[in-house]
2 protein chains.
Amino acid sequence: MQLNIQRPILYSYFRSSCSWRVRIALALKGIAYDQIPVNLMKDGGQQFSAEFKAVNPMQQVPALKIDGITITQSLAIIQYLEDTCPNPRLLPQDPKKRAQVRMISDHIASGIQPLQNLSILNKMGERKMEWAQQCITSGFQALEQILQHTAGRYCVGDEVSMADLCLVPQVGNAERYGVNLGPYPTITRINKALLELEAFKVSHPSRQPDTPAELRS
Amino acid sequence: MQLNIQRPILYSYFRSSCSWRVRIALALKGIAYDQIPVNLMKDGGQQFSAEFKAVNPMQQVPALKIDGITITQSLAIIQYLEDTCPNPRLLPQDPKKRAQVRMISDHIASGIQPLQNLSILNKMGERKMEWAQQCITSGFQALEQILQHTAGRYCVGDEVSMADLCLVPQVGNAERYGVNLGPYPTITRINKALLELEAFKVSHPSRQPDTPAELRS
């Protein structure tokens, strides 16, 4: 019998921090996949095309076609991968530690990123940079305090978790919007340690198929 | 008020949609708890007090003290309750259905609610209502389409799930901000069916310890 093994397809944009979260998960779990770039800036935003709207009515990246279904929302995708491909684990076995991982992940995914994403910033006009800085700063102040209770080498203890998959792309956004990271030594230390790992390197915005030549590294 | 140290303590605000999500979960799972109201409007916002900041550095409700830890972020709280008190189940056993539940939950919790929460609306001045309506409308357009693939009696099939715990409070916000629900028959139908259930009734903003007399029902 011949098996038709289809690789998952990730609809992604090199610079999207939510897409980066998923790329890290796929890399850590060693899942080979194909990427279809959706350029959020070109043609007034390719995510608004009828073609992409059929893939994701939310008109956002990432979206992952896998096992015959399409999943959207980065944390839902990551937890589906966790459910179906549990090694290496991205959620600790202990329920209290799992709660910490989800709390930090949601703090970034619901409490910081949505407030400074492209569609909101586009509505802010001249206040764009100031708005992004304010949202990230206020979120990072809380995060720095939380990490003082939860962190080891990484966000929660010494194992890489879903929280770390949220942290690194959010720090990437902070740098892009000129946020001063001085007041956040724990965030900065963990981010640096994570960026040493191969899965965070290969998934980096500077190394994607749709990364423009001048931003490649 | 004398608190029973055995019971979980929920820091909550009657009108907070994220607090309502957690109250529904506690009611469905039959977990008795005490509520400490945090009035987001009074004294410039009681969530900003030093006392509450020690409970939750994010200065947001809900926060749940349970089993010796404090958990914040509503979906992290709900999933901790699911991990430690699995009956009745709020996440389906099938990984694909779990992914649908998480996708819808995150669509509301990351894609709609944060954009129309109190702290953002306070920054919008005169544009407040228009902004809230726009965010909810655009989120509901996508949600209505998604539900056409996933819904049975409720958001995903015929069992109440975490997605339903997000849906009802978000519809409550939509009504509060005068969003026309005509174009969303599936959302409206599911919301109505859920509001018939006892757990959704007892957790309703109109029936909390801190609900002002004029809003009680």
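Quick caveat: nothing in here was measured; it's all calculated off a predicted structure. (Residues numbered from 1 in each chain as written. Chains lettered and ligands numbered in written order. Predicted model: local features only at pLDDT ≥ 70, side-chain atom pairs only at ≥ 80, totals over all residues. Heavy atoms only, no water.)

The residue R21 of chain A is located in helix α1 (residues 17-28) in this model. With no salt bridge to any partner, buried R21 of chain A finds its closest opposite charge in D106 of chain B, at an N-O distance of 7.8 Å. Those residues in contact with R21 of chain A, other than ones at most four positions away along the chain, are S74, I78, I108, A109, Q113, L165, C166 and P169 of chain A. (Helix = DSSP H or I, 4+ residues; strand = E, 2+ residues; numbered from the N terminus. Buried < 20%, exposed > 50% of the residue type's maximum accessible area, 1.4 Å probe, protein only. Lys, Arg positive; Asp, Glu negative; His and termini not counted. Salt bridge = Lys/Arg side-chain N within 4 Å of Asp/Glu carboxyl O. Contact = heavy atoms within 4.5 Å.)

The next subject is a positive patch on the surface. Residues K123 and R127 of chain A together with K123 and R127 of chain B make up a contiguous surface patch of positive charge. As for its placement among the helices and strands, K123 of chain B is situated in helix α5 (residues 118-124). Its relative accessible area of 38% is what places K123 of chain B among the partly exposed residues. (Patch = residues over 30% accessible without salt bridge, like charges linked within 9 Å, V, L, I, M, F, W, Y side chains within 5 Å. Areas by Shrake-Rupley, 256 points an atom, 1.4 Å probe, with all protein chains shown as cover. Charge placed at Lys NZ, Arg CZ, Asp CG, Glu CD.)

In this section: the relation of the copies chain B and chain A. Under the fitted operation, chain B is carried onto chain A by 0.0 Å of movement along the axis and a turn of 180°, and the coordinates agree to an RMSD of 0.1 Å. Overall, the copies show the geometry of a two-fold rotation axis. Taking C-alpha positions as reference, the residue of chain B nearest the rotation axis is S110 of chain B, located at 2.1 Å. (Least-squares fit on C-alpha atoms with pLDDT ≥ 70 in both.)

This brings us to unusual backbone geometry. Leaving glycine aside, a negative phi is the common case for residues, and trans is the common case for peptide bonds. Residue and element names in this part refer to chain B. Cis geometry marks the peptide bond from V61 to P62; its omega dihedral reads 0°. Its place among the elements puts P62 in the loop between α2 (50-55) and β3 (63-66). One non-glycine residue with positive phi stands out, namely Q73, at about 75°. Mapped onto the elements of the fold, Q73 is located in the loop between β4 (69-72) and α3 (74-84). For Q73, a relative accessible area of 11% puts it in the buried group.

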